[in-house]
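# Examining the three-dimensional arrangement
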Amino acid sequence: MTVLQYLGAFLFLVGGFFTFVGSLGVLRMPDVYNKLQAGTKATTLGFISIALGLLCFQPGWTLKILLVALFVLLTNPIGSHALARAAKNTGVPTIRAGKEEVQEQ
Amino acid sequence: MTGIQYTTLGLLGLGAIIGTVALIRTKFTMEKMVALDVLTTLITGLLLVLSLVFDKSFILDIAIVYAILSFGAVMVVARYREGGI
């Protein structure tokens, strides 16, 4: 086992942990915007970490791995931005509105 | 060395199960789309780990096509719910 494979194993574990935490955040967060910020950022970090770990394990597949990583790195913020804008324009309520109603009662 | 890969596969599979539960249990359409977006990114990472486990490089092509299709689906649903496609 070389140094590069140790680095790849570390990056794999970091990526798996962050994707798991992002998925758990989507289940546990109370609001659609909180779900967006918990899900998209942590999942993007985990995916890029997994791609770099795969790059450390298999240096012969560099072009395809960089293509996947670059595509996800470009399109994931665009998709989350479109989702947030659609949620705002279609009137999905935030958690703050619910708390104000509770405080008024 | 394969223990690391199987640990990562287990974490990603557990995350996929939790994402499916979040996809079913949420109420609004946008929350469901957020859960679906997270789930597709997670399954793309799962395909990357599977390409290392099986030692086949064509699974990366499947990952590219899956990422493109999921991005198109998320954009189409978001723009359709907003009103103009």
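Here is a short report on the structure shown in this document. (Residues numbered from 1 in each chain as written. Chains lettered and ligands numbered in written order. Predicted model: local features only at pLDDT ≥ 70, side-chain atom pairs only at ≥ 80, totals over all residues.)

### Overview of the interface of chain A and chain B
Stated formally: Here the contact rule is simple: place C-beta atoms from the backbone, and any two residues whose C-beta atoms are within 7 Å are in contact. A run of DSSP states H or I qualifies as a helix once it reaches four residues; a run of E qualifies as a strand once it reaches two. Both are numbered from the N-terminal end.
Chain A puts 46 residues into the contact, and the matching count from chain B is 40 residues. Contributions of two or more residues to the side of chain A that touches chain B are made by helix H1 (3–28), helix H2 (32–57) and helix H3 (62–89) of chain A. The biggest single contributor to the side of chain A that touches chain B is H3(A), with 16 residues.

### As for the environment of A:Thr62
All names here are of chain A. How we decide: Buried, partly exposed and exposed are defined by the number of other C-beta atoms within 10 Å of a residue's own C-beta, namely 20 or more, between the two limits, and 12 or fewer respectively, with C-beta atoms placed from the backbone.
Position of Thr62 relative to the elements: it lies in helix H3. For Thr62, a count of 11 C-beta atoms within 10 Å gives the class exposed. Thr62 sits ten residues away from Leu52 along the chain, and the two C-alpha atoms are 9.5 Å apart.

### Concerning the nonpolar core
Cut-off, in case you're wondering: Throughout this description, the term nonpolar core refers to a group of buried Ala, Val, Leu, Ile, Met, Phe, Trp, Tyr and Cys residues whose C-beta atoms join them within 7 Å.
Of all hydrophobic cores here, the largest spans 49 residues; its most connected members are A:Ala51, A:Val68, A:Leu83, B:Met33 and B:Val34. Going through the elements one at a time, H1, H2 and H3 of chain A together with helix H1 (2–25), helix H2 (29–54) and helix H3 (59–82) of chain B are the ones with two or more residues in this core. If you tally residues by element for this core, the top one is H2(B), at twelve residues. Contact partners of B:Met33, with chain neighbours within four places excluded, come to A:Leu83, B:Val74, B:Val77 and B:Ala78.

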